[in-house]
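# Topology and contacts: notes
Each chain, letter by letter, is given below.
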Amino acid sequence: MLLPSLPDDLRRQEPHAPVVEGVPVISILARERQALDRANARQGRTVQFYDDLTAKYGNNR
């Protein structure tokens, strides 16, 4: 069976927000939370992709 390729977006790693000297810590924390939100959304898309595959091709566990 030939499975579809994993979308490139789902392979991407989310970098941490850069720590810049002199920038308020709250600003860095806000950027880090945005990065975490993007990573969580990508993980959700990965799960959905897998669920779609198992629904289409069956679950062979």
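Our structure's up above, just so we're on the same page.
Because the structure is a prediction, the values reported are computed rather than measured.

## So, the overall build of the chain
- Looking only at helices and strands, the chain features one helix and zero strands.
- In terms of C-alpha radius of gyration, the chain reaches 17 Å, well past the compact-globule figure of 10 Å for 61 residues.
- Each of the three principal axes of the chain carries a C-alpha extent, and together these read 55 × 15 × 15 Å.
- The contacts of the chain with a sequence gap of at least 6 include a subset with a gap of at least 24, amounting to 62%.
- Summed over its atoms, the accessible surface of the chain is roughly 5200 Å², and 57% of this surface lies on carbon and sulfur atoms.
- Treating the 9 positive side-chain charges of the chain as one cloud and the 8 negative ones as another, the clouds have centres 3 Å apart.

## Some points on the environment of Leu 2
- Mapped onto the elements, Leu 2 comes out in the segment before helix 1 (25–57).
- The exposure class assigned to Leu 2 is exposed, which follows from its relative accessible area of 77%.
- Along the backbone, Leu 2 and Asp 52 are 50 residues apart, and their C-alpha atoms lie at a distance of 15 Å.

## Looking at the pattern of salt bridges
- Using the criterion set out here, one finds five salt bridges in the structure.
- Residue Asp 9 is joined to Arg 42 by a salt bridge in which the shortest nitrogen-to-oxygen separation is 3.9 Å. With a gap of 33 residues between them, Asp 9 in the segment before helix 1 and Arg 42 in helix 1 connect regions that are remote in the sequence.
- The partly exposed category is assigned to Asp 9, whose relative accessible area is 26%.
- Residue Glu 14 pairs with Arg 38 through a salt bridge whose shortest N-O separation is 2.9 Å.

Definitions and limits used
Residues numbered from 1 in each chain as written. Predicted model: local features only at pLDDT ≥ 70, side-chain atom pairs only at ≥ 80, totals over all residues. Heavy atoms only, no water. Helix = DSSP H or I, 4+ residues; strand = E, 2+ residues; numbered from the N terminus. Rg over C-alpha atoms; globule rule 2.2 N^0.38 Å. Contact = heavy atoms within 4.5 Å. Areas by Shrake-Rupley, 256 points an atom, 1.4 Å probe, with all protein chains shown as cover. Lys, Arg positive; Asp, Glu negative; His and termini not counted. Charge placed at Lys NZ, Arg CZ, Asp CG, Glu CD. Buried < 20%, exposed > 50% of the residue type's maximum accessible area, 1.4 Å probe, protein only. Salt bridge = Lys/Arg side-chain N within 4 Å of Asp/Glu carboxyl O.

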